[in-house]
Amino acid sequence: MFRLYWADEGGLPADDRGLAYGDGLFETIRMSGQRGVLLSRHLERMVRDAGRLGIEVSRRELANVCVEAAQRFADRFKADGWVLKLTLTRGSGGRGYRPEPGMEPNLLVSASPLPPAPDPAGVAVDFSKVPLAVNPLVAGMKSLNRIEQVLAAAELGPPLFEVIMADRDGNLVEGTRTNLLLRQGGGWVTPPASSLAVAGVLRQWLLERLRQRGETVTERPVTVNDVLGPDCQGIFLLNSVLGIVPVRTIAGHDLPVDSGLATIFNPLETLE
């Protein structure tokens with residue numbers, strides 16, 4: 001069980017551990033009417049990663065909240081689509097980092113308009129100056145600890161759509177809000193999940209589909225030379241709200257743009 005809070009009714013209490021320590025995680029789900037894109041995968045990830053943090057929550061309870069949220073918010077956004085955000089924290093109370101035993105989690109539910117669609121002809125990106133450190137204990141988890149992404153996102157501004165962050169070894173890991181996929185040598189290359197701050201649900205869905213189609217997908221460290229070298233046949237950014245976004249230029253370097261990959265993922269065909 002958890003305590004349910006609606007953002008349009010005031011939000012979380014002041015002593016919530018998510019506010020104090022980033023002790024929790026969140027999901028952002030693209031919605032169309034009362035149905036969500038890859039909804040099951042979002043809920044499964046939240047339950048799984050909550051378990052990694054020692055926060056107990058059931059998928060059934062989360063699914064029921066999504067139904068209630070859809071009934072509450074869908075009519076506000078008509079046919080334009082919207083974004084459902086679930087923020088799960090360990091709960092309220094207690095001073096200091098050590099959580100008290102038996103805490104009841106808090107779940108904050110909010111809704112916002114769907115952001116503008118990226119340019120289908122491709123977007124401009126650059127390399128971030130902010131390094132990304134990924135603790136193996138929380139690798140891939142969409143936790144509330146996103147300060148590095150906040151700092152990197154401050155580098156954004158016209159014409160940049162995204163900046164790509166690297167780890168301490170200089171390997172490219174992900175964008176501030178996107179996962180990274182390269183077309184190279186007739187196959188696909190992406191950083192391994194163990195190196196990611198956030199292992200996106202669209203990333204995993206797409207890798208499964210590519211492999212089902214018989215295409216070669218390699219998970220390995222990605223270098224600057226990989227993306228700027230002659231073997232790079234295209235770069236794509238992955239985000240379950242924004243979709244599959246082709247990169248037109250990176251750090252001023254022109255790239256080939258192929259819209260074929262985007263046709264694999266039709267958000268309307270993944271509604272649940």
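Whatever comes next refers back to the structure up there.
Remember, predicted model here, so these are calculated numbers, not experimental data.

1. Details of the overall build of the protein chain
Then, number 1: Counting its regular elements, the protein chain contains six helices and 14 strands.
Then, number 2: Over its C-alpha atoms the protein chain spans a radius of gyration of 19 Å, differing by no more than 12% from the 19 Å that the globule rule assigns to 272 residues.
Then, number 3: On the principal axes, the C-alpha backbone points of the protein chain span a range of 55 × 40 × 35 Å.
Then, number 4: Within the protein chain, the fraction of its 272 residues that count as buried is 49%.

2. Observations regarding the pattern of salt bridges
Then, number 1: In total, this model carries 16 salt bridges according to the counting rule given.
Then, number 2: Two residues, E27 and R45, come together in a salt bridge whose shortest N-O distance is 2.7 Å. Within this pair, whereas E27 is found in strand β2 (residues 24–32), its partner R45 is found in helix α2 (residues 39–53), the two being separated by 18 residues in sequence.
Then, number 3: A relative accessible area of 4% means that R45 is categorised as buried.
Then, number 4: With a shortest N-O distance of 3.0 Å, D226 and R220 are connected by a salt bridge.
Then, number 5: Taking the relative accessible area as the measure of exposure, R220 reaches 25% and is therefore partly exposed.
Then, number 6: What you see here is one network of salt bridges that share partners, running through D8, E9, R72 and R76.

3. Focus: helix α5 (residues 201–212)
Then, number 1: Between its terminal C-alpha atoms α5 stretches 17 Å, which fits the 16 Å expected from 12 residues at 1.5 Å a residue.
Then, number 2: All of the buried residues in α5 are V201, L202, R203, W205, L206, L207 and L210.
Then, number 3: The secondary structure elements touched by the buried residues of α5 are α2, β9 (179–184), β10 (187–190), β11 (217–219), β12 (232–239) and β13 (243–250).
Then, number 4: Directly after α5, the chain includes G214, whose backbone phi takes a positive value near 85°.

4. Re the nonpolar core
Then, number 1: Within the largest apolar cluster, 25 residues are counted, with the highest numbers of intra-cluster contacts made by W82, L84, L86, L88, L107 and V109.
Then, number 2: When residues of this core are assigned to their parent elements, the largest contribution, eight residues, is made by helix α3 (residues 59–77).
Then, number 3: Contact partners of L84, with chain neighbours within four places excluded, come to E27, T28, I29, M31, C66, A69, V109 and S110.
Then, number 4: Counting residues in each nonpolar core, the second largest holds 19 residues, with V125, V222, V247 and I250 among its members.

5. Describing the pairing of β13
Then, number 1: Across the eight residues that make up β13, a large majority, seven, are buried.
Then, number 2: What sits between β12 and β13 in their antiparallel hairpin is a turn of three residues.
Then, number 3: One ladder, built from two bridges, connects β13 with strand β14 (residues 253–254); its direction is antiparallel. When the sheet's bridge partners are listed, T249 is paired in β14 with D254.
Then, number 4: Once β13 ends, the chain turns through two residues before running back antiparallel as β14, passing A251 with a positive phi of about 55°.

6. Let's talk about the packing of α2 against α3
Then, number 1: Between α2 and α3, the shortest axis-to-axis distance is 10 Å and the interhelical angle comes to 135°. Relative to α3, the element α2 lies oblique. In this structure, α2 meets α3 at a crossing whose hand is right-handed. Residues L39, S40, L43, E44, M46 and V47 of α2 form the contact with α3, whose own contacting residues are R59, L62, A63 and C66.

7. Looking at the packing of aromatic side chains
The description of an aromatic ring pair rests on the distance of the ring centres and on the angle between the ring planes.
Then, number 1: Counted by the stated rule, this structure contains five aromatic pairs.
Then, number 2: Taken together, the ring pairs connect W6, F73, F77 and W82 into an aromatic cluster.
Then, number 3: Its end group placed over the ring of W6, R72 keeps NZ or CZ at 4.2 Å from the ring centre.
Then, number 4: Seen from the ring of F161, R177 lies directly overhead, with NZ or CZ sitting 4.3 Å from the centre.

8. Quick notes on the environment of R203
Then, number 1: Among the secondary structure elements, R203 is positioned in helix α5.
Then, number 2: Relative accessible area serves as the criterion here: at 2%, R203 is assigned to the buried category.
Then, number 3: Sequence separation between R203 and S40 is 163 residues, and the spatial gap between their C-alpha atoms is 14 Å.

9. Observations regarding the sheet that holds β2
Then, number 1: One open sheet accounts for five strands, arranged β1-β5-β4-β2-β3; its pairing is mixed. Only two strands of the sheet have a single partner each, and these edge strands are β1 (3–6) and β3 (35–36).
Then, number 2: Sheet topology places β2 next to strand β4 (residues 82–89); eight bridges connect them, and they run antiparallel. Opposite T28, over in β4, you have K85 as the bridge partner.
Then, number 3: The strands touched by α2 within the sheet are β2, β3 and β4, with β2 carrying the most contacts at an inclination of about 175°.
Then, number 4: Its contacts with the sheet put α3 on β1, β2, β4 and β5 (106–113), and the angle it makes with β5 is roughly 30°.

Parameters and conventions
Residues numbered from 1 in each chain as written. Predicted model: local features only at pLDDT ≥ 70, side-chain atom pairs only at ≥ 80, totals over all residues. Heavy atoms only, no water. Helix = DSSP H or I, 4+ residues; strand = E, 2+ residues; numbered from the N terminus. Rg over C-alpha atoms; globule rule 2.2 N^0.38 Å. Buried < 20%, exposed > 50% of the residue type's maximum accessible area, 1.4 Å probe, protein only. Salt bridge = Lys/Arg side-chain N within 4 Å of Asp/Glu carboxyl O. Expected span 1.5 Å × (residues − 1). Contact = heavy atoms within 4.5 Å. Core = buried A, V, L, I, M, F, W, Y, C linked by side-chain atoms within 4.5 Å. Pairing = 2+ DSSP bridges. Axes fitted to C-alpha atoms, helices over the stretch in contact; angles between N-to-C directions. Parallel < 35°, antiparallel > 145°, perpendicular 65-115°, else oblique. Left-handed = near helix turned anticlockwise from the far one by under 90°. Phe/Tyr/Trp six-rings, centres within 6.5 Å; stacked < 30°, edge-to-face > 60°. Lys NZ or Arg CZ within 6 Å of the ring centre and 35° of its normal.

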